[in-house]
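# Summary of structural features
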Amino acid sequence: YICIIVEALKFKPDVIYCDHANVIVGAILSRFYWNSNVVFRVMGVYPSMREALRAKSLINKVFKWAYNSPFNLVICTQDGSGVEPWLKKAISKDVKIEVLLNGVDMTNSANIDKLDNQLKEISPNKKIILFIGKLEEFKGCYDFLNAFFILIDKGVEELHAVIIGTGSQESIIKKLVEDRNDEHRFTFISRLPHGQILAAHKISDIYVSMNYLGNLSNSNLEAIQSNICMIIPKPQSKEGIDIITNNLLGDAIESVPIKNPVLLANSIHKLVFSRKDRENKLKLLKLRKRSFLKSWDERIQIEIKLLDQLIEDRNEKKNRY
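This one's a predicted model, so the numbers in the text were calculated from it and none came from an experiment.

Right, let's talk about the sheet that holds strand 5 (residues 127-132) for a bit. With respect to topology, six strands assemble into an open sheet ordered 7-6-5-8-9-10, the strand pairing being parallel. The open sheet terminates on both sides in strands that have one partner only, identified here as strand 7 (186-189) and strand 10 (254-256). Strand after strand, the sheet turns through a mean of 20° between neighbouring axes, direction not considered. Seen against the sheet, helix 9 (residues 194-203) touches strand 5, strand 6 (159-164) and strand 8 (206-208) and runs at an angle of roughly 145° to strand 5.

To continue, consider unusual backbone geometry. Phi at Lys12 takes a positive value of approximately 50°, unusual for a residue other than glycine. As for its placement among the helices and strands, Lys12 is situated in the loop between helix 1 (2-11) and strand 1 (15-18). A positive phi is found at Asn227, a non-glycine position, where the angle reads about 60°. Here Asn227 lies in the loop between helix 10 (218-225) and strand 9 (229-233).

Tracing the chain through its elements places Asp308 in helix 14 (residues 296-320). Judged by relative accessible area, which is 38%, Asp308 ranks as partly exposed. For the pair Asp308 and Asn68, spaced 240 residues apart in sequence, the C-alpha separation works out to 23 Å.

Relative to strand 4 (residues 97-100), strand 3 (residues 73-77) runs parallel, the two being bridged by four bridges. Bridge assignment links Val74 to a residue of strand 4, and that residue is Ile97.

With that out of the way, let us pick up the pairing of strand 2 (residues 37-42). Burial runs high along strand 2: six of the six residues are buried. Alternating residues of strand 2 divide into Asn37, Val39 and Arg41 and Val38, Phe40 and Val42, and every residue in both groups is buried. When strand 1 meets strand 2, the two strands line up parallel, connected through four bridges. Across the sheet, Ile16 pairs through a bridge with Val38, a residue of strand 2. In the classification by handedness, the crossover that spans strand 1, the intervening helix 2 (residues 23-32) and the parallel strand 2 is right-handed. Of the pairings in the sheet, the one linking strand 2 to strand 3 comprises four bridges and is parallel in character. Opposite Phe40, over in strand 3, you have Val74 as the bridge partner.

Conventions used here
- Residues numbered from 1 in each chain as written.
- Predicted model: local features only at pLDDT ≥ 70, side-chain atom pairs only at ≥ 80, totals over all residues.
- Heavy atoms only, no water.
- Pairing = 2+ DSSP bridges.
- Helix = DSSP H or I, 4+ residues; strand = E, 2+ residues; numbered from the N terminus.
- Axes fitted to C-alpha atoms, helices over the stretch in contact; angles between N-to-C directions.
- Contact = heavy atoms within 4.5 Å.
- Buried < 20%, exposed > 50% of the residue type's maximum accessible area, 1.4 Å probe, protein only.
- Right-handed = clockwise from strand over helix to strand, strands pointing away.

In C-alpha coordinates:
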(Lines give C-alpha, C1' and ligand atoms only; values in the text may rest on other atoms or scores of the structure.)
Protein backbone atom coordinates (compact mmCIF):
# COMPACT_ATOMS: atom_id res chain seq x y z
CA TYR A 1 0.00 0.00 0.00
CA ILE A 2 2.79 2.39 0.92
CA CYS A 3 4.62 1.69 -2.36
CA ILE A 4 1.46 2.38 -4.38
CA ILE A 5 0.80 5.61 -2.51
CA VAL A 6 4.40 6.78 -3.00
CA GLU A 7 4.22 6.02 -6.73
CA ALA A 8 0.94 7.93 -7.02
CA LEU A 9 2.42 10.96 -5.27
CA LYS A 10 5.48 10.87 -7.55
CA PHE A 11 3.58 10.23 -10.79
CA LYS A 12 0.73 12.69 -10.10
CA PRO A 13 -1.79 10.99 -12.40
CA ASP A 14 -4.96 12.62 -13.65
CA VAL A 15 -6.94 9.57 -12.52
CA ILE A 16 -6.23 6.95 -9.87
CA TYR A 17 -8.37 3.95 -10.78
CA CYS A 18 -8.68 1.20 -8.17
CA ASP A 19 -10.77 -1.93 -7.86
CA HIS A 20 -11.75 -3.74 -4.67
CA ALA A 21 -8.29 -5.26 -4.15
CA ASN A 22 -6.90 -1.75 -3.63
CA VAL A 23 -9.91 0.08 -2.25
CA ILE A 24 -8.06 0.90 0.98
CA VAL A 25 -5.29 2.61 -0.99
CA GLY A 26 -7.94 4.41 -3.03
CA ALA A 27 -9.69 5.48 0.17
CA ILE A 28 -6.50 6.94 1.64
CA LEU A 29 -5.67 8.82 -1.54
CA SER A 30 -9.22 10.13 -1.96
CA ARG A 31 -9.22 11.45 1.60
CA PHE A 32 -5.73 12.91 1.83
CA TYR A 33 -4.50 13.60 -1.73
CA TRP A 34 -6.48 16.12 -3.74
CA ASN A 35 -4.39 16.42 -6.90
CA SER A 36 -5.90 13.39 -8.66
CA ASN A 37 -9.36 12.03 -9.41
CA VAL A 38 -9.86 8.77 -7.51
CA VAL A 39 -12.23 6.24 -9.10
CA PHE A 40 -13.45 3.15 -7.26
CA ARG A 41 -14.28 0.36 -9.72
CA VAL A 42 -16.76 -2.14 -8.24
CA MET A 43 -16.89 -5.43 -10.18
CA GLY A 44 -20.21 -6.54 -8.71
CA VAL A 45 -21.04 -7.13 -5.04
CA TYR A 46 -20.00 -10.27 -3.18
CA PRO A 47 -21.14 -11.63 0.22
CA SER A 48 -17.96 -10.44 1.96
CA MET A 49 -18.71 -6.87 0.82
CA ARG A 50 -22.17 -7.06 2.39
CA GLU A 51 -20.72 -8.60 5.53
CA ALA A 52 -18.29 -5.68 5.84
CA LEU A 53 -21.25 -3.33 6.35
CA ARG A 54 -22.68 -5.48 9.17
CA ALA A 55 -19.81 -7.14 11.04
CA LYS A 56 -17.90 -5.57 13.94
CA SER A 57 -14.41 -6.93 13.25
CA LEU A 58 -11.59 -4.44 12.72
CA ILE A 59 -10.99 -5.40 9.07
CA ASN A 60 -14.68 -5.01 8.25
CA LYS A 61 -14.73 -1.60 9.91
CA VAL A 62 -11.73 -0.62 7.75
CA PHE A 63 -13.50 -1.72 4.58
CA LYS A 64 -16.69 0.06 5.60
CA TRP A 65 -14.65 3.23 6.15
CA ALA A 66 -12.96 2.74 2.77
CA TYR A 67 -16.23 2.29 0.87
CA ASN A 68 -17.55 5.54 2.36
CA SER A 69 -14.59 7.62 1.13
CA PRO A 70 -15.00 10.81 -0.94
CA PHE A 71 -14.22 9.19 -4.29
CA ASN A 72 -14.64 11.35 -7.36
CA LEU A 73 -16.57 8.55 -9.04
CA VAL A 74 -17.73 4.99 -8.40
CA ILE A 75 -18.26 2.80 -11.49
CA CYS A 76 -20.06 -0.45 -10.74
CA THR A 77 -20.66 -3.45 -12.97
CA GLN A 78 -24.31 -4.42 -13.17
CA ASP A 79 -24.02 -8.19 -12.83
CA GLY A 80 -27.33 -8.90 -11.13
CA SER A 81 -25.67 -9.29 -7.73
CA GLY A 82 -27.86 -6.68 -6.05
CA VAL A 83 -25.49 -3.76 -6.47
CA GLU A 84 -28.07 -1.01 -5.95
CA PRO A 85 -28.93 -1.63 -2.26
CA TRP A 86 -25.25 -2.18 -1.44
CA LEU A 87 -24.17 1.04 -3.15
CA LYS A 88 -26.87 2.96 -1.29
CA LYS A 89 -25.60 1.70 2.07
CA ALA A 90 -21.85 1.63 1.40
CA ILE A 91 -21.04 4.67 -0.75
CA SER A 92 -21.21 8.27 0.46
CA LYS A 93 -24.30 10.13 -0.73
CA ASP A 94 -22.05 12.88 -2.11
CA VAL A 95 -20.25 10.52 -4.53
CA LYS A 96 -21.37 10.14 -8.14
CA ILE A 97 -22.22 6.53 -9.01
CA GLU A 98 -22.51 4.92 -12.45
CA VAL A 99 -23.90 1.37 -12.76
CA LEU A 100 -23.10 -0.22 -16.13
CA LEU A 101 -23.68 -3.58 -17.78
CA ASN A 102 -20.64 -5.17 -19.34
CA GLY A 103 -20.38 -5.39 -23.11
CA VAL A 104 -20.69 -8.43 -25.30
CA ASP A 105 -19.32 -9.68 -28.61
CA MET A 106 -22.14 -8.76 -31.00
CA THR A 107 -21.43 -11.66 -33.40
CA ASN A 108 -24.52 -13.79 -33.94
CA SER A 109 -23.14 -16.54 -36.14
CA ALA A 110 -20.93 -19.52 -35.41
CA ASN A 111 -19.35 -21.87 -37.93
CA ILE A 112 -20.80 -25.21 -36.84
CA ASP A 113 -18.67 -26.97 -39.48
CA LYS A 114 -15.54 -26.02 -37.56
CA LEU A 115 -16.43 -27.29 -34.11
CA ASP A 116 -13.79 -27.93 -31.48
CA ASN A 117 -13.08 -31.66 -31.22
CA GLN A 118 -14.68 -31.76 -27.77
CA LEU A 119 -17.94 -30.41 -29.22
CA LYS A 120 -17.84 -32.71 -32.27
CA GLU A 121 -18.18 -35.74 -30.02
CA ILE A 122 -21.60 -34.62 -28.75
CA SER A 123 -24.48 -36.49 -30.36
CA PRO A 124 -26.61 -34.22 -32.59
CA ASN A 125 -29.60 -36.51 -32.00
CA LYS A 126 -29.99 -35.45 -28.36
CA LYS A 127 -31.54 -32.38 -26.76
CA ILE A 128 -28.49 -30.60 -25.41
CA ILE A 129 -28.67 -28.78 -22.08
CA LEU A 130 -25.71 -26.43 -21.57
CA PHE A 131 -24.06 -25.24 -18.36
CA ILE A 132 -21.10 -22.81 -18.49
CA GLY A 133 -19.32 -21.60 -15.36
CA LYS A 134 -16.97 -22.36 -12.52
CA LEU A 135 -17.73 -25.68 -10.90
CA GLU A 136 -18.38 -24.24 -7.47
CA GLU A 137 -21.45 -24.71 -5.29
CA PHE A 138 -22.42 -21.01 -5.41
CA LYS A 139 -22.49 -21.19 -9.21
CA GLY A 140 -25.33 -23.70 -9.00
CA CYS A 141 -23.46 -26.66 -10.48
CA TYR A 142 -25.11 -29.09 -8.05
CA ASP A 143 -28.55 -27.65 -8.80
CA PHE A 144 -27.90 -28.44 -12.46
CA LEU A 145 -26.41 -31.88 -11.80
CA ASN A 146 -29.18 -33.02 -9.45
CA ALA A 147 -31.89 -31.73 -11.79
CA PHE A 148 -30.36 -33.80 -14.57
CA PHE A 149 -30.19 -36.88 -12.35
CA ILE A 150 -33.92 -36.43 -11.57
CA LEU A 151 -34.72 -36.38 -15.30
CA ILE A 152 -32.59 -39.46 -15.96
CA ASP A 153 -34.27 -41.32 -13.09
CA LYS A 154 -37.66 -40.43 -14.59
CA GLY A 155 -36.60 -42.17 -17.79
CA VAL A 156 -36.11 -39.10 -19.97
CA GLU A 157 -33.72 -40.48 -22.59
CA GLU A 158 -33.54 -37.61 -25.07
CA LEU A 159 -31.29 -35.32 -23.00
CA HIS A 160 -27.54 -34.76 -22.94
CA ALA A 161 -25.77 -32.40 -20.52
CA VAL A 162 -22.75 -30.34 -21.59
CA ILE A 163 -20.82 -28.82 -18.68
CA ILE A 164 -18.10 -26.33 -19.61
CA GLY A 165 -15.88 -25.12 -16.79
CA THR A 166 -13.53 -26.13 -14.04
CA GLY A 167 -13.33 -25.58 -10.30
CA SER A 168 -12.92 -27.17 -6.90
CA GLN A 169 -16.02 -29.37 -7.38
CA GLU A 170 -15.04 -30.75 -10.80
CA SER A 171 -13.64 -34.10 -9.64
CA ILE A 172 -16.52 -34.60 -7.16
CA ILE A 173 -19.15 -33.95 -9.83
CA LYS A 174 -17.47 -36.29 -12.31
CA LYS A 175 -17.27 -39.00 -9.62
CA LEU A 176 -21.01 -38.65 -8.90
CA VAL A 177 -21.74 -39.16 -12.60
CA GLU A 178 -19.38 -42.16 -12.81
CA ASP A 179 -20.89 -43.79 -9.71
CA ARG A 180 -24.28 -43.73 -11.45
CA ASN A 181 -22.81 -45.06 -14.73
CA ASP A 182 -24.20 -41.99 -16.48
CA GLU A 183 -21.03 -40.89 -18.28
CA HIS A 184 -22.71 -41.33 -21.67
CA ARG A 185 -25.28 -38.67 -20.67
CA PHE A 186 -22.69 -36.00 -19.88
CA THR A 187 -19.90 -34.18 -21.71
CA PHE A 188 -17.42 -32.37 -19.46
CA ILE A 189 -15.18 -29.73 -21.05
CA SER A 190 -12.81 -28.10 -18.59
CA ARG A 191 -11.65 -25.41 -20.98
CA LEU A 192 -12.94 -24.33 -24.38
CA PRO A 193 -11.47 -21.60 -26.62
CA HIS A 194 -13.60 -18.49 -26.27
CA GLY A 195 -14.33 -18.49 -29.99
CA GLN A 196 -16.03 -21.87 -29.56
CA ILE A 197 -18.39 -20.75 -26.78
CA LEU A 198 -20.80 -19.33 -29.36
CA ALA A 199 -20.66 -22.65 -31.21
CA ALA A 200 -21.56 -24.44 -27.98
CA HIS A 201 -24.63 -22.22 -27.69
CA LYS A 202 -25.60 -22.87 -31.30
CA ILE A 203 -25.64 -26.65 -30.91
CA SER A 204 -27.53 -26.50 -27.58
CA ASP A 205 -31.25 -26.33 -26.97
CA ILE A 206 -31.32 -24.85 -23.47
CA TYR A 207 -28.79 -22.88 -21.41
CA VAL A 208 -28.95 -23.12 -17.61
CA SER A 209 -27.32 -20.65 -15.21
CA MET A 210 -28.10 -21.06 -11.50
CA ASN A 211 -25.52 -18.64 -10.07
CA TYR A 212 -26.58 -17.81 -6.50
CA LEU A 213 -24.81 -14.42 -6.61
CA GLY A 214 -26.22 -12.88 -9.80
CA ASN A 215 -26.92 -13.74 -13.43
CA LEU A 216 -25.85 -10.85 -15.63
CA SER A 217 -22.29 -12.19 -15.91
CA ASN A 218 -20.26 -12.07 -19.12
CA SER A 219 -21.19 -15.71 -19.81
CA ASN A 220 -24.88 -14.96 -19.49
CA LEU A 221 -24.70 -11.82 -21.63
CA GLU A 222 -23.06 -13.97 -24.30
CA ALA A 223 -25.90 -16.48 -23.94
CA ILE A 224 -28.47 -13.71 -24.37
CA GLN A 225 -26.68 -12.49 -27.48
CA SER A 226 -26.58 -16.06 -28.81
CA ASN A 227 -30.40 -16.27 -28.72
CA ILE A 228 -30.59 -19.46 -26.70
CA CYS A 229 -33.51 -20.49 -24.49
CA MET A 230 -32.42 -19.73 -20.91
CA ILE A 231 -33.24 -20.88 -17.39
CA ILE A 232 -31.96 -18.68 -14.55
CA PRO A 233 -32.83 -18.21 -10.85
CA LYS A 234 -35.80 -16.27 -9.55
CA PRO A 235 -34.89 -12.94 -7.88
CA GLN A 236 -33.66 -13.06 -4.27
CA SER A 237 -35.41 -10.00 -2.89
CA LYS A 238 -33.67 -9.95 0.51
CA GLU A 239 -30.28 -9.10 -1.04
CA GLY A 240 -31.66 -7.58 -4.24
CA ILE A 241 -30.03 -10.34 -6.32
CA ASP A 242 -31.33 -10.73 -9.89
CA ILE A 243 -34.13 -8.20 -9.49
CA ILE A 244 -32.64 -6.16 -12.34
CA THR A 245 -32.04 -9.40 -14.28
CA ASN A 246 -35.71 -10.23 -14.04
CA ASN A 247 -36.70 -6.67 -14.97
CA LEU A 248 -34.55 -6.78 -18.10
CA LEU A 249 -35.49 -10.27 -19.28
CA GLY A 250 -39.00 -10.84 -17.88
CA ASP A 251 -40.93 -13.58 -19.71
CA ALA A 252 -38.09 -14.05 -22.20
CA ILE A 253 -36.50 -16.54 -19.80
CA GLU A 254 -37.65 -19.36 -17.54
CA SER A 255 -36.85 -18.78 -13.87
CA VAL A 256 -36.76 -21.15 -10.89
CA PRO A 257 -35.62 -20.72 -7.26
CA ILE A 258 -32.02 -21.55 -6.39
CA LYS A 259 -31.33 -24.80 -4.53
CA ASN A 260 -34.43 -26.45 -5.96
CA PRO A 261 -33.37 -29.13 -8.47
CA VAL A 262 -36.90 -30.56 -8.67
CA LEU A 263 -38.35 -27.32 -10.07
CA LEU A 264 -35.29 -26.91 -12.30
CA ALA A 265 -35.84 -30.43 -13.68
CA ASN A 266 -39.49 -29.60 -14.34
CA SER A 267 -38.54 -26.43 -16.24
CA ILE A 268 -35.95 -28.24 -18.34
CA HIS A 269 -38.46 -30.99 -19.15
CA LYS A 270 -41.19 -28.49 -20.07
CA LEU A 271 -38.97 -26.47 -22.41
CA VAL A 272 -37.28 -29.46 -24.02
CA PHE A 273 -40.61 -30.94 -25.07
CA SER A 274 -42.32 -27.71 -26.08
CA ARG A 275 -40.76 -26.21 -29.16
CA LYS A 276 -43.49 -23.56 -29.16
CA ASP A 277 -42.53 -22.36 -25.65
CA ARG A 278 -38.86 -22.17 -26.65
CA GLU A 279 -39.65 -20.22 -29.81
CA ASN A 280 -41.91 -17.77 -27.96
CA LYS A 281 -39.21 -17.07 -25.37
CA LEU A 282 -36.59 -16.58 -28.08
CA LYS A 283 -38.81 -14.05 -29.86
CA LEU A 284 -39.16 -12.09 -26.62
CA LEU A 285 -35.43 -12.37 -25.90
CA LYS A 286 -34.51 -10.94 -29.31
CA LEU A 287 -36.78 -7.96 -28.64
CA ARG A 288 -35.75 -7.32 -25.04
CA LYS A 289 -32.00 -7.51 -25.55
CA ARG A 290 -32.08 -4.58 -28.00
CA SER A 291 -32.79 -2.21 -25.11
CA PHE A 292 -29.74 -3.09 -22.99
CA LEU A 293 -27.03 -5.09 -24.81
CA LYS A 294 -24.02 -3.12 -26.05
CA SER A 295 -20.86 -4.13 -27.83
CA TRP A 296 -17.61 -4.09 -25.86
CA ASP A 297 -16.43 -1.09 -27.91
CA GLU A 298 -19.57 0.87 -26.95
CA ARG A 299 -19.26 -0.17 -23.31
CA ILE A 300 -15.57 0.80 -23.09
CA GLN A 301 -16.24 4.17 -24.71
CA ILE A 302 -18.86 4.95 -22.06
CA GLU A 303 -16.30 4.41 -19.31
CA ILE A 304 -13.58 6.36 -21.11
CA LYS A 305 -15.96 9.31 -21.48
CA LEU A 306 -16.69 9.20 -17.75
CA LEU A 307 -12.96 9.38 -17.00
CA ASP A 308 -12.40 12.14 -19.56
CA GLN A 309 -15.22 14.13 -17.98
CA LEU A 310 -13.57 13.88 -14.56
CA ILE A 311 -10.35 15.33 -15.97
CA GLU A 312 -12.19 18.11 -17.81
CA ASP A 313 -14.13 19.06 -14.68
CA ARG A 314 -10.97 19.18 -12.57
CA ASN A 315 -9.11 21.28 -15.14
CA GLU A 316 -12.06 23.65 -15.38
CA LYS A 317 -12.11 23.99 -11.61
CA LYS A 318 -8.37 24.74 -11.51
CA ASN A 319 -8.72 27.41 -14.22
CA ARG A 320 -11.60 28.99 -12.35
CA TYR A 321 -9.37 29.57 -9.34
